[in-house]
Structures are given as C-alpha cells and as structure tokens.
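# Reading the structure
Single-letter residue listing:
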Amino acid sequence: MQYTAYFFRIYPTDKQKELFVKTFGCARSIYNKMLADKIEHYKQTKKMLKNTPAQYKKKFPYFKEVDSLALANAQFHLEGAFSNFFQNPKFGFPNFKSKKNSRRSYTTNIVNNNIELKNGKLKLPKAGLVRVKQHREVPEGYILKAVTVSQKGSGKFYASILFEYEEEITNKEPKSFLGMDYSMHDLYVDSEGNKGEYERFYRKSEQKLKREQRKLSLMKKGSRNRAKQRIKVAKVHEKIANCRKDFMQKKSRQIANVYDCVCIENLDMKGMSQSLNFGKSVHDNAFGKFIEMLSYKLQRQGKYLVEVDKFYPSSQLCSVCGYQNKETKDLSLREWICPHCGTRHDRDINAAVNLLKEGKRLLLNQIKKNRGALGDSLL
Ligand SMILES: [Zn+2]
C-alpha cells in the first residue's frame, strides 16, 4: 500500500471557521492536559499514565463540541512523541504546545463515510460540507484515509487529504548515478557541477519581506494598522514558502526522472545548525525537505536514495586520485589543489563526486548481497 496527500485550499463559512479554530484549540489543549497529567503521574509513581481524551470530557464539556477524532489524533501524536523520545532521546522530551507558536491544525480520520470529497465539497465531521478549490483530480481507486485542516498566518484555511492506493513497485537496475552535497547558498551542488541556485528565486520576495517587517516594527502596538500589517507580513512569508516548495518539487522531479540513484551525505541537520551556527539557511532545513521529496519520487519509481555515513571524508578525498587532504576541514575553503595529483577542486563538486562513488559502491554491494541471499534460498 502506498500513501499520498493532496493539499487544497478550502473556503469555510464563518460558522465553520469558528468551529475549526475551536477544534485547533481543543486539540492543543487535550494534548497539553494529557502531557501534564503524564508528567505528574510519573513524578508520583514512576510509571507511565495511560490516559485518553474521553476521560476529560466530563470535566471539560467543550471537548464534546468538536470532532472527537481530532482529540484522538492529538493523543496519538503525544504517544508518538513519547515513543520517539524513548527510542532516541535526541528527539527531546515532548513539549507543551503554546497558543502562539504551535501550528493551527487538527487531523481527523475516515470512519463510516464521515468524510467525503465530492463535487467541489469536502464533508467533514461536525463541520459538514466545506467548499474546496480542487485543482487536481484524485485518481480512481484512491481511498481517502484522513484529513488535516490547518490555518496559515494569513488567515487562509487548507485541507491536506491523505489517500491510500495500491501499486506494485519493482526495483530498477541502477545505471545512472548522481552525487549531491548540501550547499548553504544553492541548496545543493551535484557531482556534475550543477547547483540548486534556489535563493535567487525568492531574493526579491525576501527584500519585500524585510520592507514590510520594517513597516510593522514602526507601527503602534495594538493599533488596527499594525494588525493589518501583520497579516501582510504573513502573506509574504507564505508566498516565499510556496515559491520554495514549488521550486523544490520541480527540481526533485527532474532529478528523479533522470537518475536511478542519488547519493547524499547523511547529515544531522539539527546538530549541524547548532554546532556551526549557520543560522537560517540550515535552520529551516530546506535541504532535508528537498531530500524527502526526492526520496519519495525515487522510491515510487523503484529507484534509490543512498545515504553515505557522515563520517565518510567526502570533502577531504581527492575524487581523482583518492589522496586524503586533512587540511580541508575549514568550510571557508572553497577551492583546493590536490598535493598528490595537482587537480584543482571546487570543494562542493569534489565532495559530491566522492559521495557518488561511495554511494554507488554501497548500493551495488547491497544488491549483490541481496542476490546472493536469494540465490542461497533457492538452492
Ligand atoms: Zn589527487
């Protein structure tokens, strides 16, 4: 079974808007209440509390007014956060969701046709029929599983609709390979010397953002103009985010269509932004999102994304002769000349070529091993 999500703008009535906002609040609130009780219970008993949203409905009757599946999903979300934390503490202890900083959204699931997408309308539990701008047809045979309703800073509402479908994928024989290294300014640099060059796509909008933010900072706190200006800033933010997403979708599509295997370095982006203080570019994790899109598109075609261990010295090895230059650790060094063979290297392209070589070796070894295992079992 495969899954895919469609993202559509929705146009709720004022009454539906009110209900959605209330549901966002309840999903956040039940999450926080259950988290607080788990912490308290653990402090007293050293055991994990098993609580459910139903237990809170008597004391807080407003939970009954919203879609109960939204609350159940908040519970799953909280339990997921705990199980991630127990498996690997690097995920961090589950946080409380603040009204200001948490995403305004809730998720609901299909149970007995309570959700339907038909004739430009989305039927949702408690809300009824909501108008949808459906810019894409959903293929036949796709089964609707869940919907996430969200609201952006600009006030616009969206629905992300998850579908399940059946598709048999056979692994391709890998013939064309691409190495790809993270680049702060260009998103990535590949082994053929191409760059993502995505910053120039939204440099203009960034200037606009700065201008609008400056205007905002000069406005009187609590004034109507300031409230209006804040929405204006949020709209520019969204435009930038959409442009970037669009760009990454197109680029990843191009690459996934041309190459059978993409080799990247397994980067711990979170650790990287903290330790090197790269700031915004790594912090928003655009590269991570890009790789996610790419990985999905490759996988659907039976192609491969290979992650090379981050301790593999991709930026130190000369991709021509294999000499290891231990002096290239300095990230500001954009170019270096191999003292052994004399080749002049662009740091990023050289690293991408090394990632290609190592990733290719790993993948071909793995395939050989799998075939060997298969051969043994046939004997
Ligand atoms: Zn060399």
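Bear in mind the structure is a predicted one, so any value in this text is a computation, not a measurement. (Residues numbered from 1 in each chain as written. Predicted model: local features only at pLDDT ≥ 70, side-chain atom pairs only at ≥ 80, totals over all residues. Heavy atoms only, no water.)

## Re the pairing of strand β9 (residues 187–190)
Where strand β8 (residues 177–183) meets β9, four bridges bridge the pair, whose relative direction is antiparallel. Residue pairing across strands places Ser 183 opposite Leu 187, the latter belonging to β9. Between β8 and β9, which pair antiparallel and follow one another directly, the connecting turn spans three residues. (Pairing = 2+ DSSP bridges. Helix = DSSP H or I, 4+ residues; strand = E, 2+ residues; numbered from the N terminus.)

## Some points on the packing of helix α1 (residues 14–45) against helix α2 (residues 68–87)
Two elements in contact, α1 and α2, have axes whose closest approach is 9 Å; the angle formed by their N-to-C orientations is 40°. As summarised for this structure, α1 and α2 are arranged oblique, according to the angle between their axes. Note on packing geometry: the crossing formed by α1 with α2 is right-handed. Counted together, Thr 23, Cys 26, Ala 27, Ile 30, Tyr 31, Met 34, Leu 35 and Lys 38 of α1 and Ala 70, Leu 71, Ala 74, Gln 75, His 77, Leu 78, Ala 81 and Phe 82 of α2 form the full contact between these two elements. Residue composition of the contact of α1 with α2, grouped by class: 12 nonpolar, three polar and one charged. (Axes fitted to C-alpha atoms, helices over the stretch in contact; angles between N-to-C directions. Parallel < 35°, antiparallel > 145°, perpendicular 65-115°, else oblique. Left-handed = near helix turned anticlockwise from the far one by under 90°. Contact = heavy atoms within 4.5 Å. Nonpolar A, V, L, I, M, F, W, Y, C, P; charged D, E, K, R; others polar.)

## Examining the nonpolar core
One finds Phe 20, Leu 124 and Val 147 to be the most contacted residues of the largest nonpolar core, which totals 36 residues. Of all the secondary-structure elements, those providing two or more residues to this core are β1 (2–11), α1, α2, β4 (121–124), β5 (128–133), β6 (143–151) and β7 (157–165). The biggest single contributor to this core is α1, with nine residues. Dropping the residues within four chain positions of it, Phe 20 is found in contact with Ile 10, Pro 12, Tyr 106, Leu 124, Ala 127, Val 130, Val 149 and Phe 157. Membership of the second largest hydrophobic core comes to 26 residues, among which are Met 248, Ala 256, Tyr 259 and Leu 294. (Core = buried A, V, L, I, M, F, W, Y, C linked by side-chain atoms within 4.5 Å. Buried < 20%, exposed > 50% of the residue type's maximum accessible area, 1.4 Å probe, protein only.)

## Description of the pattern of salt bridges
Taken as a whole and judged by the stated rule, the model has 14 salt bridges. One salt bridge in this structure joins Asp 260 and Lys 172, with 3.6 Å as the shortest N-O distance. Here Lys 172 lies in the loop between β7 and β8 and Asp 260 lies in the loop between α4 (224–258) and β10 (261–265), a separation of 88 residues in the sequence. (Salt bridge = Lys/Arg side-chain N within 4 Å of Asp/Glu carboxyl O.)

## Details of unusual backbone geometry
If you check the backbone angles, Asn 119 has positive phi at about 50° while not being a glycine. Inspection of the secondary structure assignment puts Asn 119 in the loop between β3 (116–118) and β4. What makes Asn 119 exposed here is its relative accessible area of 73%.

## Some details on the confidence of the model for the chain
Of the residues in the chain, 91% have a pLDDT of 70 or more, and the chain-wide mean is 88. The weakest mean pLDDT in the chain belongs to helix α6 (residues 280–283) at 42; the strongest belongs to β4 at 97. A low-confidence stretch, residues 270–283 (pLDDT under 50), is modelled with 17 contacts involving residues beyond four sequence positions or located in other chains. (pLDDT = per-residue confidence, 0-100.)

## A word on the domain arrangement of the chain
Quite often, the size of an interface is put as the accessible area lost when its parts meet. Along its sequence, the chain is carved into domain 1 (2–165) and domain 2 (177–378). Here the C-alpha centroids of domain 1 and domain 2 sit 31 Å apart. Domain 1 puts 10 residues into the contact, and the matching count from domain 2 is eight residues. For the pairing of domain 1 and domain 2, the buried interface totals around 700 Å² over both sides, and the portion due to carbon and sulfur atoms is 37%. (Domains from an automatic or database assignment. Buried area = accessible area lost by both parts, 1.4 Å probe.)

## Thoughts on the sheet that holds β7
A sheet is described by the order of its strands in space; here seven strands give the open sequence β2-β6-β7-β1-β5-β4-β3, paired in antiparallel fashion. Every interior strand has two partners, whereas the edge strands, β2 (104–109) and β3, have only one. Averaged over all neighbouring strand pairs, the angle between strand axes comes to 35°, with direction disregarded.

## Thoughts on the coordination of the zinc ion
Donor atoms from the polypeptide that bind the zinc ion are Cys 318 (SG), Cys 321 (SG), Cys 338 (SG) and Cys 341 (SG), placed at 2.2 to 2.3 Å. Given four donor atoms and angles of 107 to 114° at the metal, the environment of the zinc ion is assigned as tetrahedral. Here the donor residues for the zinc ion map to a single chain with the spacing C-x2-C-x16-C-x2-C. One end of the pair, Cys 321, is in the loop between β11 (304–308) and β12 (335–337); the other, Cys 338, is in the loop between β12 and β13 (344–346), with 17 residues separating them in the sequence. (Donors = N, O, S within 2.8 Å, 3.2 Å for Na, K, Ca; no water. Tetrahedral: all angles 85-135°; square planar, octahedral: opposite > 155°, others 65-115°.)

## With respect to a positive patch on the surface
Side chains of Lys 204, Lys 208, Lys 210, Arg 211, Arg 214, Lys 232 and Lys 239 sit close together on the surface and give a patch of like positive charge. Elements represented by at least two residues in the positive patch include exactly α3 (199–218) and α4. Tracing the backbone through its elements, the reader meets Lys 208 in helix α3. Overall, Lys 208 belongs to the partly exposed group, its relative accessible area being 39%. (Patch = residues over 30% accessible without salt bridge, like charges linked within 9 Å, V, L, I, M, F, W, Y side chains within 5 Å. Areas by Shrake-Rupley, 256 points an atom, 1.4 Å probe, with all protein chains shown as cover. Lys, Arg positive; Asp, Glu negative; His and termini not counted. Charge placed at Lys NZ, Arg CZ, Asp CG, Glu CD.)

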